[in-house]
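# Examining the three-dimensional arrangement
Each chain, written out:
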Amino acid sequence: MIKRVRSWWTREDKIQPPERSMDNVPEHVAIIMDGNGRWAKSHGLPRFIGHQNGMKAVKRTTIAADKLGIKYLTLYAFSTENWKRPKDEVDFLMRLPQEFLAIELDELIEKNVQVRMMGDREGLPSYTINAMEEAVRKTEGNDGLVLNFALNYGSRKEITDCMRELGRKIKTGDLNPDDITPEMLGQHMLSSGIPDPDLIIRTSGEMRISNFMLWQMAYSEMWFTDIYWPDFNEQYLYEAVAEYQRRTRRYGGLT
Ligand code: FPP
């Protein structure tokens, strides 16, 4: 039985965001939440406490993103490669969406947040899928922040599945290979309907992409921080957004 805790959103609402520019706020921020294990180790705690605190950072970041006017927030919660971890850690990670949503779903609904999931349902335990599907169903009419969980997500698998689907259409004569466009591929990706990330954040000091949104990140701005994910908060999000606002995006062209 998961105990309901006091509403975090209402509590956090009382904190005023610092001065910031609301011009040119990235529409879509995607985050590779890394460093839970190292955070735990640095505190002399077991890894799962790191993930538990990572879940708290998910709450904080969702509130902060909403306050900033970010429209889409994608969070890399579990990759197709994370199955290689010890079973007890995988089991723990699989319980987190259920735990998070059991506590927060009412508040997410109230705050007009739309929950989405991007990843393979196959392989996920039924309690994880059920929790996600319930959240997706109950928030699908909301038009505020889109909170997109990348869960059992891997970009190479996503691209491979997209190729298979197009290949099948070619085989049945429903698609001419010459008609394939980048836009068409985009529509067959799991992120279909969501714009490409404007800003990708990775925590924990690692400077790699780890099979995350490879197709979609063609022109994303990157921001890396040494902070471990459980320590991430609204100040870091503002810092990342402020850095984004200072950049000039040229998409291969000239300013
Ligand atoms: C990477 O850190 C983090 C993960 C694989 C899990 C991310 C999950 C959360 C932050 C919680 C998700 C919450 C919800 C609501 C779904 P790591 O374990 O690889 O850290 P390390 O590199 O320091 O070992």
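Residues numbered from 1 in each chain as written. Predicted model: local features only at pLDDT ≥ 70, side-chain atom pairs only at ≥ 80, totals over all residues. Heavy atoms only, no water.

Per an unreviewed UniProt entry, the chain is named Isoprenyl transferase, and its organism is Paenibacillus dendrobii. The Subunit (unreviewed entry) comment attached to the chain in UniProt states, word for word, "Homodimer." (UniProt positions renumbered as here; feature names shortened; annotations may be inferred.)

### Focus: the site of the ligand
Of all residues adjacent to the ligand, which total 18 residues, the nearest are G37, R38, R47, H51 and R85. Here an oxygen atom of the ligand sits 3.2 Å away from a polar atom, N or O, in the side chain of D34. Within the complex, the protein chains bury 91% of what would otherwise be the 630 Å² of accessible surface of the ligand. In this structure the site holding the ligand corresponds to the largest pocket. Sorting elements by how many residues they give to the shell around the ligand places helix α3 (residues 47-68) first, with five residues. Its residues assigned to classes, the shell around the ligand shows eight nonpolar, six polar and four charged. (Near = heavy atom within 4 Å. Polar contact = N/O pair within 3.5 Å; in protein donor to acceptor, adjacent residues only side chain to side chain. Areas by Shrake-Rupley, 256 points an atom, 1.4 Å probe, with all protein chains shown as cover. 1 Å grid on protein atoms, 1.4 Å probe; cavity = no way out; pocket = protein on both sides within 12 Å on 5 of 7 lines; lining within 4 Å. Sits in = over half its atoms within 2 Å of the grid points. Helix = DSSP H or I, 4+ residues; strand = E, 2+ residues; numbered from the N terminus. Nonpolar A, V, L, I, M, F, W, Y, C, P; charged D, E, K, R; others polar.)

### Some thoughts on the pattern of salt bridges
Counting across every chain of the model gives 19 salt bridges. A salt bridge links D91 to K87; its shortest N-O distance comes to 2.7 Å. Remark: K87 and D91 occur in helix α4 (residues 87-110); sequence separation between them is four residues, near one turn of the helix. D91 gets classed as partly exposed once you look at its relative accessible area, which sits at 31%. (Salt bridge = Lys/Arg side-chain N within 4 Å of Asp/Glu carboxyl O. Buried < 20%, exposed > 50% of the residue type's maximum accessible area, 1.4 Å probe, protein only.)

### Section: the packing of aromatic side chains
According to the stated counting rule, one finds nine aromatic pairs in the structure shown. With a centroid separation of 4.9 Å and an interplanar angle of 75°, the aromatic rings of F78 and W83 are classed as edge-to-face. Aromatic side chains F100 and F149 sit 5.9 Å apart centroid to centroid with 75° between the ring planes, which places their arrangement in the edge-to-face category. A residue pair is termed long-range when its members are at least 10 positions apart, and F100 in helix α4 and F149 in strand β4 (residues 146-153) qualify at 49 residues. Like F100, the residue F149 is buried in the burial classification. Of the aromatic side chains, those joined through ring pairs into one cluster are Y76, Y153 and F212. Directly above the aromatic system of Y72 lies the positively charged group of K71, at a separation of 6.0 Å from the ring centroid. Sitting above the plane of the Y127 ring, R95 keeps its charged end 3.5 Å from the centroid. (Phe/Tyr/Trp six-rings, centres within 6.5 Å; stacked < 30°, edge-to-face > 60°. Lys NZ or Arg CZ within 6 Å of the ring centre and 35° of its normal.)

### What about the environment of G50?
Position of G50 relative to the elements: it lies in helix α3. Accessibility expressed as a relative area gives 0% for G50, which makes it buried. With 10 residues separating them in the primary sequence, G50 and R60 have C-alpha atoms 15 Å apart.

### Section: the UniProt feature "active site" (unreviewed entry) in the chain
UniProt marks D34 and N82 with the feature "active site" (unreviewed entry), using the numbering shown here. Considering the C-alpha atoms alone, the annotated residues occupy 49 residues of sequence yet fold into one spot, their largest mutual distance being 12.1 Å. In the annotated set above, the residues contributing to the lining of the largest pocket are D34 and N82. As for its placement among the helices and strands, D34 is situated in the loop between β1 (28-32) and α2 (36-42). Excluding residues within four positions of it along the chain, D34 makes contact with R202, T203, S204, E206, Y228 and W229. With respect to the secondary-structure elements, N82 resides in the loop between β2 (72-79) and α4. For N82, a relative accessible area of 16% puts it in the buried group. In this structure the side chain of N82 is engaged in a polar contact, spanning 2.7 Å, whose partner is the backbone nitrogen of S79. (Contact = heavy atoms within 4.5 Å.)

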